[in-house]
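Examining the three-dimensional arrangement
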Amino acid sequence: VMDTLVLLGFIVGVFNPCLCRHAGRDIRLFYHGDDFVVLGDGNDLEWFAKALNATLIVKVRGVLGPDPEDDKEITLLNRVLRYGQSSNGWPFLEWEADPGHAELIVEALGLRRATASKELSSPGVKRTLDDIEQATELDEEHAHAFRSVCMRISYLAQDRPDLMYTAKELAHWMARPKTLAWEMAKRCGRYILG
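Here the residue numbering is sequential within each chain, running from 1 through the sequence in written order. The predicted origin of the model limits local features to residues at a pLDDT of at least 70 and limits the giving and counting of side-chain atom pairs to 80 or more, whereas totals for whole chains, interfaces and linings rest on all residues. The side-chain numbers reported here are obtained from all heavy atoms of the structure, hydrogens and water having been left aside.

**What to know about the sheet that holds strand 7 (residues 91-96)**
Paired through their backbone hydrogen bonds, the strands of a sheet run either parallel or antiparallel. What counts, and what does not: Two strands form a pair only when DSSP identifies at least two bridges running between them. Where helices and strands are cited, they refer to DSSP runs of H or I of at least four residues and of E of at least two residues respectively, numbered from the N terminus. Angular values range over 0 to 180 degrees, each being the angle between N-to-C directions of two axes fitted as lines to C-alpha atoms, with helices fitted over their stretch in contact.
Read from one edge of the open sheet, three strands run 5-6-7, paired in antiparallel fashion. A single partner strand is all that each edge strand has here, and the edge strands are strand 5 (73-76) and strand 7. Averaged over all pairs of adjacent strands, the angle between strand axes in this sheet comes to 20°, irrespective of strand direction.

So this is what it looks like as structure tokens:
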């Protein structure tokens, strides 16, 4: 894919080779495997689709934009992208984290809306040294479940800055999870639920 993009005139990002820009056209793109997200005007997007189709099989899944024929919502890599206009007429692009992972986290922690799990307004609280010392290690089954939830929270945090700190704090417990870590994960789950 990268060779094809370079032949088409794209400059590959130094920090992240999945981010590219075209040398002569006003096109920016991100690719992941065989999925492309391309930013540009209509003519440049048409050119890109045709040029890429000359070497790869291309399926345009949608075009977000203001025109009536443009899509207003699309799912990409399990994330939801929406185009809209605010009440004052300014356009905006909304990026929603993968809702499926949020549901899986809540389910893995045994939290449900139907059982009136308490929803919280923050994903974490500060713990004291006494709290940490009094915590006992989880058995292997719960340790495995904790690690799974912890990684889902970490994945979700890529798109949810409000979860980044909590994800980092939970990751400290990956090697030897304790009851305190499980409580921290449940608190984060109740925050996600809310």
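**Considerations on the sheet that holds strand 2 (residues 19-22)**
What counts is decided by this rule: Any two residues whose heavy atoms approach within 4.5 Å are treated as being in contact.
The four strands lie next to each other as 1-2-3-4, forming an open sheet whose pairing is antiparallel. Each of the sheet's edge strands pairs with one partner strand only, and the pair in question is strand 1 (10-12) and strand 4 (35-39). On average, each strand axis in the sheet is tilted by 25° relative to the strand beside it, whichever way the strands run. Sheet topology note: the strand 2/strand 3 (residues 28-32) ladder contains three bridges and is antiparallel. In the strand pairing of strand 3, leucine 19 is matched with phenylalanine 30. Contacts from helix 2 (residues 42-53) reach strand 1, strand 2, strand 3 and strand 4, with the element oriented near 150° to strand 4.

**As for the packing of aromatic side chains**
Filter applied, for reference: To pair, rings of Phe, Tyr and Trp, with the six-membered ring standing in for Trp, must have centres within 6.5 Å; the planes then decide the type, stacked if under 30 degrees apart, edge-to-face if over 60, and tilted in the middle.
Enumeration according to the criterion identifies three aromatic pairs in this entry. Following the ring pairs from residue to residue traces out a cluster consisting of Phe10, Tyr31, Phe36 and Phe48.

**With respect to a nonpolar patch on the surface**
Note the cut-off: Only residues whose relative accessible area exceeds 30% and that form no salt bridge are eligible for patches; like-charged ones are grouped when within 9 Å, while nonpolar side chains (Val, Leu, Ile, Met, Phe, Trp, Tyr) are grouped when within 5 Å. Residue exposure ignores everything except the shown protein chains as possible cover, and the areas themselves are Shrake-Rupley values with a 1.4 Å probe. In what follows, salt bridge is the name for a side-chain nitrogen of Lys or Arg lying within 4 Å of a carboxyl oxygen of Asp or Glu.
On the surface, Val1, Leu56, Val58, Val60 and Val63 cluster together to form a nonpolar patch covering roughly 340 Å² of accessible area. Mapped onto the secondary structure, valine 63 falls in the loop between helix 2 and strand 5.

**Comments concerning the side chain of aspartate 159**
As a reminder, the rule being used: Only protein chains enter the accessibility calculation, which uses a 1.4 Å probe; a residue whose area is less than 20% of its type maximum is buried, one above 50% is exposed, and one in between is partly exposed. A 3.5 Å cut-off defines polar contacts: any pair of N or O atoms within that distance qualifies, except that in protein one atom must be a possible hydrogen donor and the other a possible acceptor, and neighbouring residues in sequence count only when both atoms are side-chain atoms.
By the secondary structure assignment, aspartate 159 is in the loop between helix 5 (140-157) and helix 6 (164-171). A residue is classified by how much of its surface remains accessible, and aspartate 159, at 19% relative accessible area, is buried. Of the polar contacts made by the side chain of aspartate 159, one reaches the side chain of tryptophan 95; its length is 3.0 Å. What aspartate 159 contacts, discounting residues up to four positions off in sequence, is Arg79, Trp95 and Ala97.

**With respect to the pairing of strand 7**
Pairing analysis gives six bridges linking strand 6 (residues 79-85) to strand 7, with the strands arranged antiparallel. Bridge pairing in strand 7 links glutamine 85 to proline 91. With antiparallel pairing between neighbouring strands as the criterion, strand 6 and strand 7 make up a hairpin whose turn holds five residues, including glycine 89 at a positive phi of roughly 95°.

By themselves these figures say nothing about function.
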